[in-house]
Amino acid sequence: MHLFTFIQLICLVILWIVKSTKASLAFPFFLILMVPLRWQLTHIFSQRELRALDGDQADVDEDEPDFYAEAPLPG
């Protein structure tokens, strides 16, 4: 989990640097490059680990539904 968070932090820093310099016109290009980078993470992590790290829920068989996912919106 720490390695995944570190990789996300590095990507955030790179995007922040690009945004803050004269290369800001290339920001969308760098943002799009994050998608292939995410696909390359399969060489470091297994699919199950990636689903647990950045997915909505981990691979847990629960009989009880998630309260926050099932709660009605106010209003």
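Residues numbered from 1 in each chain as written. Predicted model: local features only at pLDDT ≥ 70, side-chain atom pairs only at ≥ 80, totals over all residues. Heavy atoms only, no water.

- You'll find the protein chain entered in an unreviewed UniProt entry as Bicarbonate transporter-like transmembrane domain-containing protein, with Callosobruchus maculatus given as the organism.
- Under Subcellular location (unreviewed entry), UniProt gives the following word-for-word description of the protein chain: "Membrane". (UniProt positions renumbered as here; feature names shortened; annotations may be inferred.)

## Digging into helix α1 (residues 2-20)
- Its 19 residues place the ends of α1 27 Å apart at the C-alpha level, agreeing with the 27 Å of an ideal helix rising 1.5 Å per residue.
- Here α1 has its buried residues at Phe4, Ile7, Cys11, Leu15 and Val18. Seen from one end, α1 has its buried residues packed into an arc of 75°, which puts them on one side. When the buried face of α1 is taken as reference, the exposed residues oriented beyond 90 degrees from it are His2 and Trp16.
- Elements that come into contact with the buried residues of α1 comprise α2 (27-32), α3 (34-40) and α4 (47-54). (Helix = DSSP H or I, 4+ residues; strand = E, 2+ residues; numbered from the N terminus. Expected span 1.5 Å × (residues − 1). Buried < 20%, exposed > 50% of the residue type's maximum accessible area, 1.4 Å probe, protein only. Arc of directions from axis to C-beta. Contact = heavy atoms within 4.5 Å.)

## Brief notes about the nonpolar core
- Judged by nonpolar contacts, Phe4, Ile7, Cys11, Leu15, Met34, Leu41, Phe45 and Leu50 together constitute the single largest core of eight residues.
- Leaving out residues up to four positions away in the same chain, methionine 34 has contacts with Cys11 and Leu15. (Core = buried A, V, L, I, M, F, W, Y, C linked by side-chain atoms within 4.5 Å.)

## Quick word on the environment of phenylalanine 27
- With respect to the helices and strands, the residue phenylalanine 27 is situated in helix α2.
- Using a relative accessible area of 25% as the deciding quantity, one classes phenylalanine 27 as partly exposed.
- For the pair phenylalanine 27 and isoleucine 14, spaced 13 residues apart in sequence, the C-alpha separation works out to 9.9 Å.
- With residues near it in sequence (within four places) discarded, phenylalanine 27 still touches Leu15, Val18 and Lys19.

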